[in-house]
Structures are given as C-alpha cells and as structure tokens.
Amino acid sequence: MERGNLSDNAKGKRRVVTNITSANTDVPGRGGAARSSVEALVMGVERRGCVVQEEGNDQPRKRDESVSSTKSFAITKRQVFTAWKQVKANRGSAGIDEESIAEFEKNLVRNLYRIWNRMASGSYFPPPVKAVEIPKRSGGARTLGIPTVSDRVAQTVVKGYLEALLEPVFDPDSYGYRPERSAKDAVAVTRRRCWQEDWVIEFDIKGAFDNLDHGLLMKALRKHTQEKWVLLYVERWLKAPMVGDSGELIARMRGTPQGGVVSPVLMNLFMHYAFDRWMRQNVASAMFARYADDAVVHCKTLIHAQRVMRLITDRFSAVGLELHPEKTRIVYCKDRTRTKEYPHVQFTFLGFTFRPRHTVSRQGQHFTGFLPGASRAAQTRMRQRIRGWHLPRQSPATLYEFSKEYGPTLNGWWRYYSSFYPKALGPVYKQLDLALMRWARGKYKRLSRHKERSREWLNQVIRREPHLFVHWRHWYANGRATGAV
C-alpha cells in the first residue's frame, strides 16, 4: 500500500504523491536548511517534499520543475527572494511610485510573486526611472536614475546572473563594483606602480554612464550569453525613459542610468572591451588600473606616455566616448630620485591625490616620496560635513552621544583615507576637535570664553577616554601627538 493520496483513474494518468510540510521549515532529514515563514510563503510551490510522479516512471520530478515548464523563462522564486534580501540590505530611496522599502515589504508575498510571474513569463516591463540631480565633486551636477523598489529587485536577479557569468572574464586590473575588490586596492596598486614608472596618464571620460552605445553593449553581452530573458530585460532597462522633476518623460537612446542596480555590471562589460582588453592587445607595455569609468595608465618615458595618450583618445572616440580635455594630462611622478621639473607633478584618483610628500622610512630617514593622500576636495567635503553637524549648538548632548551618532562616519573616513598617508587627514579631524572645544565652551560656564581652558579640558578627556573618537585612539592615545589642537 502506497502512502499519500493516490488517484486510481485510467492507465496513463498521473499519480500525485504529497508529503505535507510545515510552513516554517523543510522536512527533517531531507538535507534542507530551515526557512523563515516569509520565505516559505514566497517560495510557494517550490517547497521541498512535494513531487509529481508519472505512471510507470520511477524518477519523480519536483513540482517546481513542472510549474516552471509552463513559463517562458526558467526564473525561480528563490532567485527573486534572494534578490529582495539584497535590495533590502542595500536600502535606497523610492522611485517614481514613491514606494519605500518598508511599504513594499507590507505586502511582500504579493509583490515578489508579481515580479517573478512577470519575469518568468516575459511580460515584465520596467517603469521609468526617477531622475535626481546631485552635485559633482568637480562642479556641476550629475543625473542619477533611481528605479522603483520592485524594479531594483528585478535588476538584482539579472545582476546575479551576469556577475557569476562575467566575473571570470573581467581583467584583474578592473576594480570597480566587483566582489573582493575595492577602491583601496586600486589605489594601492597605483601607488606601487608610481614607484616603478616615471609617468602617469590621468584621464576623465565625459559622461561615461550617459553615453554608452547600446548597440556595442548588447553585442558584447551576446558574446557571453544567449539567455533570452537576460538579453530581453537588459535591452528594456537600457531603453526605459527617465522622469524629470516636472514629470516629463525623457527618452534614452544611449547610456545606462547611473543609480541602476545592473548598470555597474554593464559599465564594466562595456569598458572591458572598450579599454581593458584593447589595452592588453595594443598597449601591453603600459600598466593600468581602472575603477568603473575612472582609470590611470603608467608609462616609462614622456614619449611613451604621449603616444599612449593619443592611442587611448582615438580608441574612446571609436566607441563613442570622449575624454575631457581639461582633465586629461600626463603627470611626472616626482620624488627624491626623479627631480626634473615638469608642469604636472600630481594627479587625483579615487579621492586620493598622488604628489610629492615628505615621509620617513622604516630606518628613520626623511625623504620625499610620490604618495597618495586624501585629496583637497575630499578634505573639503568632510570638513563641510562636520560643520553641518552644528556640534556647538547641541549643548544638551554629551560626548558619548556624539561618539555614537557620528562615530561610524568618522570611522569610515579613517578606514579609507588613512590607509596610505594619514597625515593628510589632519585638517579634517582638527575641524572636529575645534568644534568640540566650541561645544564645551557653550556647555560649561567655567570654560566660557576661554580657548586655552577648553583645549586643556579636551586634552584631559582624550587621555581619559581615547576610545570615543577614532583619531583620538590613533593619534593622541599612542604618543604620536601630545593632545588636541
């Protein structure tokens, strides 16, 4: 006698064998990890322990295979649910529908099912992206395209597929938006190569994200996959219009919206063929490091650098991109052994300015090295951020509250910018100490209108509780400095 519910209909009809499982967990002993109740609801019929068996066939088929066969594309609910968890973790603002992540989650099961159903059937059409202008570091404004929460989930599904497919293909000197790689890695390798080569080509691409050629991008994508749903949805995202502040639709014939989830992967793919692979084949003698659309190239001599820059300019022109004439230059890596005079002896890459700096060797010798440190623009942004906190006005607050609220930001700055030349951060953390001294003069009557007393008070706090702020721990508590400013 067989277990379950059996149908004794005519020969050839299916028998359904059903094991009832809990909504919260997999069946014990079947090798599956426990799932949350939310995941169980979202996964629906893809739950384990439920099979469909044909009459006369000893090999059962899982129900999710049977159900997915009715869809045009083999996209699973698990892919969509995993994508949602990534979108939730990354947070982000609402798109044109003004639906936040919290609001999306209120009806999570229905929302995720709708995304899966439409993507698997080929009927998913991305909504327009919300155009948001943000100021550029170099002046002017950059337009970001903010997708809706549901569209970010859909893009994350495709992004996961493309990352697994393209990651082994990308160049080892491509660092942007890739797992296990970071901007600090790109800065570190650039620092080392500046010691090896005398010249660097610094260049900037005008609106790289906004000017990618759709035809060339799709050609590159088809070289690596023939998966129809991936090609279909990437093409739809490329053509999805933007909505400006006034509500008008802005058609897009080129580019991929900066701010989209899948855009960084597409940018890396385009630049892989437009620059990385081309450099390996045509200018193998020049080393480079690239982070998305930002890159530097190292050369041995000035003549070599001039020739390489002409080749790069022509190459980008051939693929529909243009180098910014005012931000593209050849830089001499001047230090204690390279002492010639040239117009440009510094460049900025990923928030670090590489230039001649005074340093001390491990043997205690003082010399001039060509080193990266926090750029002046980065310092200005950080100092403006500190001024924007208005610490002197927060008299009721305490140092512990300041440490809890602003500590993560200060720690993040330190982790990134102190990696190579911490001394360049001096003006930034000096700004913080000055703000704390002003705060103390407003909070304590005995310190009012006494700068020296407030400085002495802050030095006492630093010696007593150096753990409150990151620069106190690294500078003042270990003897590198005697106290605050």
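Residues numbered from 1 in each chain as written. Predicted model: local features only at pLDDT ≥ 70, side-chain atom pairs only at ≥ 80, totals over all residues. Heavy atoms only, no water.

## Digging into the overall build of the protein chain
Stated precisely, the cut-off is as follows: Strands here mean DSSP runs of E at least two residues long; helices mean DSSP runs of H or I at least four residues long; both are numbered from the N terminus. For each residue, the accessible area found with a 1.4 Å probe, counting protein chains only, is set against the maximum for its type, and the residue is called buried under 20%, exposed over 50%, and partly exposed in between. Whether two residues are in contact is decided by their heavy atoms: any pair within 4.5 Å suffices. For the accessible areas, the method is Shrake-Rupley and the probe is 1.4 Å, while residue cover comes only from the protein chains on display.
Secondary structure summary: the protein chain contains 16 helices and 14 strands in total. The 485 residues of the protein chain split such that 45% are buried. A sequence separation of at least 24 residues applies to 65% of the contacts in the protein chain between residues at least 6 apart. When the accessible surface of the protein chain is summed, it comes to about 25800 Å², and 49% of that surface belongs to carbon and sulfur atoms.

## Some remarks on the sheet that holds strand 9 (residues 287-291)
Across a sheet, strands are paired by hydrogen bonds formed along the backbone, either parallel or antiparallel in direction. Heads up, the condition is: Here, strands pair whenever DSSP counts at least two bridges between them. Where helices are involved, their axes are fitted lines through C-alpha atoms of the stretch in contact, as for all axes, and angles between N-to-C directions lie from 0 to 180°.
Strand order in the open sheet made by the four strands is 9-10-6-11, with antiparallel pairing throughout. The open sheet terminates on both sides in strands that have one partner only, identified here as strand 9 and strand 11 (329-332). The average angle at which neighbouring strand axes cross in this sheet is 20°, direction not considered. As paired strands, strand 6 (residues 199-204) and strand 11 are joined by four bridges and run antiparallel to one another. Paired with Trp199 across the strands is Tyr332, a residue of strand 11.

## Things to note about unusual backbone geometry
The phi dihedral of Glu98 falls on the positive side, at around 60°, and the residue is not glycine. With respect to the element layout, Glu98 can be found in the loop between helix 3 (77-90) and helix 4 (101-106).

## Some thoughts on the pattern of salt bridges
Put simply, the test is: Counted as salt bridges are all cases of a side-chain nitrogen of Lys or Arg within 4 Å of a carboxyl oxygen of Asp or Glu.
By the definition in use, this model includes 18 salt bridges. Arg464 is the salt-bridge partner of Glu465, the closest N and O atoms lying 4.0 Å from each other. Classification of Glu465 as buried rests on a relative accessible area of 14%. Through salt bridges with shared partners, a single ionic network connects Asp171, Asp173, Arg193 and Arg280.

## Here we look at the packing of aromatic side chains
What counts here: Stacked, edge-to-face and tilted labels apply to pairs of Phe, Tyr and Trp rings (six-membered ring for Trp) whose centres lie within 6.5 Å, assigned for plane angles under 30 degrees, over 60, and everything in between, in that order. Counted as over-ring charges are cases with an Arg CZ or a Lys NZ within 6 Å of the ring centre that also lie within 35 degrees of the ring normal.
Applying the stated criterion across every chain, the model contains 31 aromatic pairs. Measuring from ring centre to ring centre gives 6.1 Å for Phe402 and Tyr406, while their planes differ by 35°; the resulting arrangement is tilted. Of the two residues, Phe402 and Tyr406 are both situated in helix 13 (residues 399-417); the distance of four residues between them amounts to about one turn of the helix. For the pair formed by Phe402 and Tyr406, the shared burial category is buried. Through a chain of ring-to-ring contacts, three or more aromatic side chains come together here, namely Trp389, Phe402, Tyr406, Trp413, Trp439, Tyr444 and Trp457. Geometry around Tyr421 places Arg357 over its ring, the cationic atom sitting 5.1 Å from the centre.

## A look at the nonpolar core
Heads up, the rule is: Working definition of a nonpolar core: buried Ala, Val, Leu, Ile, Met, Phe, Trp, Tyr and Cys residues. They are joined through side-chain atoms within 4.5 Å.
In terms of nonpolar packing, the biggest core is built from 69 residues, with Ile75, Leu162, Phe203, Phe275, Val297, Ile312 and Phe316 touching the most fellow members. Of all the elements, helix 10 (residues 263-282) adds the most residues to this core, at 11 residues. Val297 has contacts with Trp199, Val200, Ile201, Phe203, Phe275, Met279, Ala286, Met287, Phe288, Val308 and Ile312, leaving out every residue within four places of it along the chain. The next biggest cluster of nonpolar side chains, apart from the first, holds 56 residues, and it includes Ala183, Phe349, Leu371 and Tyr429.

## With respect to the sheet that holds strand 12 (residues 347-349)
One open sheet accounts for three strands, arranged 12-13-14; its pairing is antiparallel. Strand pairing shows two members of the sheet lacking a second neighbour, strand 12 and strand 14 (366-374), which therefore form its edges. Sheet twist, expressed as the mean angle between neighbouring strand axes with direction ignored, is 50°. Pairing geometry for strand 13 (residues 352-360) and strand 14, over nine bridges, is antiparallel. When the sheet's bridge partners are listed, Phe354 is paired in strand 14 with Pro372. Seen against the sheet, helix 7 (residues 183-196) touches strand 12, strand 13 and strand 14 and runs at an angle of roughly 150° to strand 14.

## Observations concerning the packing of helix 3 against helix 6 (residues 149-166)
The following threshold applies: Any angle that is under 35 degrees is reported as roughly parallel, and any over 145 degrees as roughly antiparallel; angles of 65 to 115 degrees are reported as roughly perpendicular and all others as oblique. Left-handed describes a crossing whose near helix is turned anticlockwise from the far helix through less than a right angle; right-handed describes the clockwise counterpart. Residue polarity follows a fixed list, in which Ala, Val, Leu, Ile, Met, Phe, Trp, Tyr, Cys and Pro are nonpolar, Asp, Glu, Lys and Arg are charged, and the others, Gly among them, are polar.
The N-to-C vectors of helix 3 and helix 6 enclose an angle of 120°; their axes lie 8 Å apart at closest approach. By the angle between their axes, helix 3 is oblique relative to helix 6. The hand of the helix 3/helix 6 crossing is right-handed. Taken together, the residues of helix 6 that come into contact with helix 3 (itself represented by Gln79, Val80, Ala83, Trp84, Gln86 and Val87) are Val149, Arg152, Val153, Thr156 and Val157. Looking at the contact of helix 3 with helix 6 residue by residue, the class counts come to seven nonpolar, three polar and one charged.

## Focus: the packing of helix 6 against helix 9 (residues 228-239)
Orientation of helix 6 relative to helix 9, taken along the N-to-C sense of each, is 130°, at an axis distance of 11 Å. Comparing the axis directions of helix 6 and helix 9 gives the class oblique. By crossing handedness, the relation of helix 6 to helix 9 is classed as left-handed. Taking contact as the criterion, the partners of Asp151, Ala154, Gln155, Val157, Val158, Tyr161 and Leu162 in helix 6 are, on helix 9, Trp229, Val230, Val234 and Trp237. A breakdown of the residues in the contact of helix 6 with helix 9 according to their chemical character gives nine nonpolar, one polar and one charged.

Function cannot be read off these values alone, since they describe shape.
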